[in-house]
Amino acid sequence: MQPLTSKAKVVDRRPMNMWERMYLPAIAKGMSITFGHMFKKRPTVNYPEKTRPFSPVFRGLHVLNRDEEGRERCTACGLCAVACPAEAITMEGAERLPSEEGLYREEKYAAKYEINMLRCIFCGLCEEACPKDAIYLSETFAPSNYTRKGFIYGKEELLIPDPKTDPEAFARARGEHGQEAPAVKTNSQMR
Amino acid sequence: MHITLLALDWTLFIDKVILIVIILGLSLVIAMYETWAERKVAALMQDRRGPNRAGPGGLLQPLADGLKLFMKEEIVPGSSNRLLFILGPGLAMLTAMMTSAVVPWSSYLEVGGRHFDLQVADVNIGILYVFGVVSMGVYGVMIGGWASNNKFSLLAAVRGASQIISYELAMGLSIISLLMITGSLSLRTIVQEQQNTHYYILYQPVGFLIFLVCSFAECNRTPFDLSEADNELNMGFHLEYSSMKLGFYLFSEYVNVFISSAVMATLYFGGYDIPFVDDAALAQHWGQNPVAILQAVCFFAKIVCFIFFFIWVRWTIPRFRYDQLMKLGWKMLIPLAILNMLVTGFLILLRHH
């Protein structure tokens, strides 16, 4: 029969000769292989200390963005919640008071914004739906918690640090200051 | 009369007690770090990293493992024979530790004009003692398997016991040809005859090979670990064991590896002889004590090499099937050992005439 590939290998079924039946050469060969492996480069990455670089389009945990003046961008329009196929996002809107103009960019803001990370499938549709560039998927991932409740992320967990009061944490959250690609994609990168 | 009978040589007594404590402690520590080395070497050979969380390079891992074993619940099966169930691991550990008594760790230390042999007991039937104690190790396996009152434990124990007994034969026969050359059963005499790198491996390569294979079988190490077969059959004879009783079984295996490495180094690789150096001349030059310490270091280096070899083989060669095991033991090693014996005897006779 015509072989389908060139990889076919004829199996040698001849009885072993004296040299082979001693097994010692075969054992020595096997031992040299295992010994050689001791000096090979290991593909393992020491995970919590070192991580593999992600591509900038990686979809990890969400971040609620702020604008340059540190105001929250989200206006609680609910488009992300509508877009979400897993129905992981809930929010409550509230009207901005005259004294809060430094806190929220628009007249309406999200008083409560929750994402259930156990429901979320990290598709990134909320990111696409957002008209205000308020929600982004970062490169952080693998959250862990002892309870299911802990996986419902509120505004404390989601909001990016204020660039005015805490510029370093803000830069870290965006992945500047460092080797890795930005954790949060900025407007200029998106456009 | 009474006084002379009871008179003890207290220096000798204290010297031996200190030596015993050191050696027992050392063999336990080495056994502990064998478990670490086993995991580390296995990892390296499989392109992994191995234990690296507990301490630098995972060096505290054996302590963590030991702590875990102590903390675990101790289960004695209701239908088992309680006394024998506890006796089994104890016996395994005891026999593993007892063998170290006749191994000469170094030549001797000179303190205050007295010679302190670095050997617990220079018995003139040293090798016979080793064989006697090692064959008692079967009881640890057998009693443990029997007392568990579990069919699988018993089967594994019988499997292990028959393996150990079969390989003891070939081991004894391979030693006979060595003894024909040495003319002595004392391990110290055997080492002294091998000074200046006249190692018996050069005279008895086949005998060494047989001894090596048999000591793998005696230690229940991987090509012959049928009594345990940790990964597929079941846990073997210690299936019903938990907590530190299980720890004792596993630990005694590692102590056995250490001791059989020591015995192999003693019999075939010159024991505490410093390779390629005239020890006696060096002792004249440097004094006895530093040379004795250097000899002990050399001996331990040889032992560590053997331990590495044990681990290396474990992570290379797959387990034998039971019929292959028996075929290798009875149909290959024993005839080979007898042949080796005959050839050695013939050559010795030839040299005499």
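A brief structural summary. (Residues numbered from 1 in each chain as written. Chains lettered and ligands numbered in written order. Predicted model: local features only at pLDDT ≥ 70, side-chain atom pairs only at ≥ 80, totals over all residues.)

Secondary structure summary: chain B contains twelve helices and two strands in total. Element order for chain B, N to C, with α for helix and β for strand: α-α-α-α-β-β-α-α-α-α-α-α-α-α. The globule rule puts the C-alpha radius of gyration for 353 residues at 20 Å, and the 21 Å found for chain B is close to it. Here the C-alpha coordinates of chain B stretch approximately 60 × 55 × 50 Å along the principal axes. By the burial criterion, 42% of the 353 residues in chain B qualify as buried. (Helix = DSSP H or I, 4+ residues; strand = E, 2+ residues; numbered from the N terminus. Rg over C-alpha atoms; globule rule 2.2 N^0.38 Å. Buried ≥ 20, exposed ≤ 12 C-beta atoms within 10 Å, placed from the backbone.)

Time to look at the overall build of chain A. A tally of regular secondary structure across chain A gives seven helices and five strands. Traced from its N-terminal end to its C-terminal end, chain A shows the element sequence α-α-β-α-β-β-α-β-β-α-α-α. Across its three principal directions, the C-alpha atoms of chain A cover 95 × 40 × 40 Å. Sorting the 191 residues of chain A into buried and exposed places 19% on the buried side. In chain A, the share of contacts with a sequence separation of at least 24, taken over all contacts with a separation of at least 6, comes to 69%. (Contact = placed C-beta atoms within 7 Å.)

Okay, helix H4 (residues 82-98) of chain B next. Every α-helical turn comprises 3.6 residues, leaving residues that sit three or four positions apart pointing alike. Residues and elements named next belong to chain B. Here H4 spans 24 Å end to end across 17 residues, near enough to the 24 Å set by a 1.5 Å rise per residue. The sharpest bend along H4 reaches about 25° and sits at Gly88, with the proline Pro89 one to four residues further on. Among the residues of H4, those classed as buried are Phe85, Gly88, Pro89, Leu91, Ala92, Thr95, Ala96 and Met97. (Expected span 1.5 Å × (residues − 1). Bend = angle between axes of the 7 residues up to and from the residue.)

Looking now at the interface of chain B and chain A. On the side of chain A, eleven residues touch chain B, which itself brings nine residues to the contact. Taken together, the residues of the side of chain B that touches chain A break down into five nonpolar, one polar and three charged. (Nonpolar A, V, L, I, M, F, W, Y, C, P; charged D, E, K, R; others polar.)

It is worth spelling out the packing of helix H5 (residues 126-147) of chain B against helix H6 (residues 151-182) of chain B at this point. All names here are of chain B. Relative orientation of the contacting elements H5 and H6 amounts to 170°, with a least axis distance of 7 Å. In terms of axis orientation, H5 runs roughly antiparallel to H6. Contacts from Ile127, Phe131, Ser135, Val138, Val141, Met142, Gly144, Gly145 and Trp146 of H5 reach H6 at Ser153, Leu154, Ala156, Ala157, Gly160, Ala161, Ile164, Ile165, Glu168, Gly172 and Ile175. When grouped by side-chain class, the residues that make up the contact of H5 with H6 number 13 nonpolar, six polar and one charged. (Axes fitted to C-alpha atoms, helices over the stretch in contact; angles between N-to-C directions. Parallel < 35°, antiparallel > 145°, perpendicular 65-115°, else oblique.)

Let us look at the environment of Leu294 of chain B. You can see Leu294 of chain B is positioned in helix H11 (residues 288-314). Remark: the alpha-carbon pair of Leu294 of chain B and Tyr272 of chain B, spanning 22 residues in sequence, is separated by 8.6 Å.

Once that is clear, we can look at the pairing of strand E2 (residues 114-117) of chain B. Residues and elements named next belong to chain B. Both strand E1 (residues 108-111) and E2 contribute to a ladder of four bridges, which runs antiparallel. Counterpart to Tyr108 in the pairing with E2 is Asp117. Two successive antiparallel strands, E1 and E2, enclose a turn made up of two residues, where Gly112 displays a positive phi of approximately 60°. (Pairing = 2+ DSSP bridges.)

This part covers the sheet that holds strand E2 (residues 89-95) of chain A. All names here are of chain A. The three strands are arranged E2-E3-E5 in an open sheet whose pairing can be described as antiparallel. Single-partner strands in this sheet number two, and they are E2 and strand E5 (152-153). Of the pairings in the sheet, the one linking E2 to strand E3 (residues 108-116) comprises seven bridges and is antiparallel in character. Paired with Gly93 across the bridge in E3 is Ala110.

On to unusual backbone geometry, then. One non-glycine residue, Phe122 of chain A, lies in the positive phi region at around 55°. Mapped onto the fold, Phe122 of chain A is located in the loop between E3 and helix H4 (125-129). A tally of 16 C-beta atoms within 10 Å means that Phe122 of chain A is categorised as partly exposed. Although it is not a glycine, Asp47 of chain B adopts a positive phi angle of roughly 60°. As for its position among the elements, Asp47 of chain B is in the loop between helix H2 (10-45) and helix H3 (61-71).

Here we take up the environment of Leu137 of chain A. Residue and element names in this part refer to chain A. Topologically, Leu137 is positioned in strand E4 (residues 135-137). For Leu137 and Cys123, which are 14 residues apart along the polypeptide, the C-alpha to C-alpha distance reads 9.3 Å. Residues contacting Leu137, with those up to four places away along its chain left out, are Arg59, Gly60, His62, Phe122, Gly124 and Glu127.

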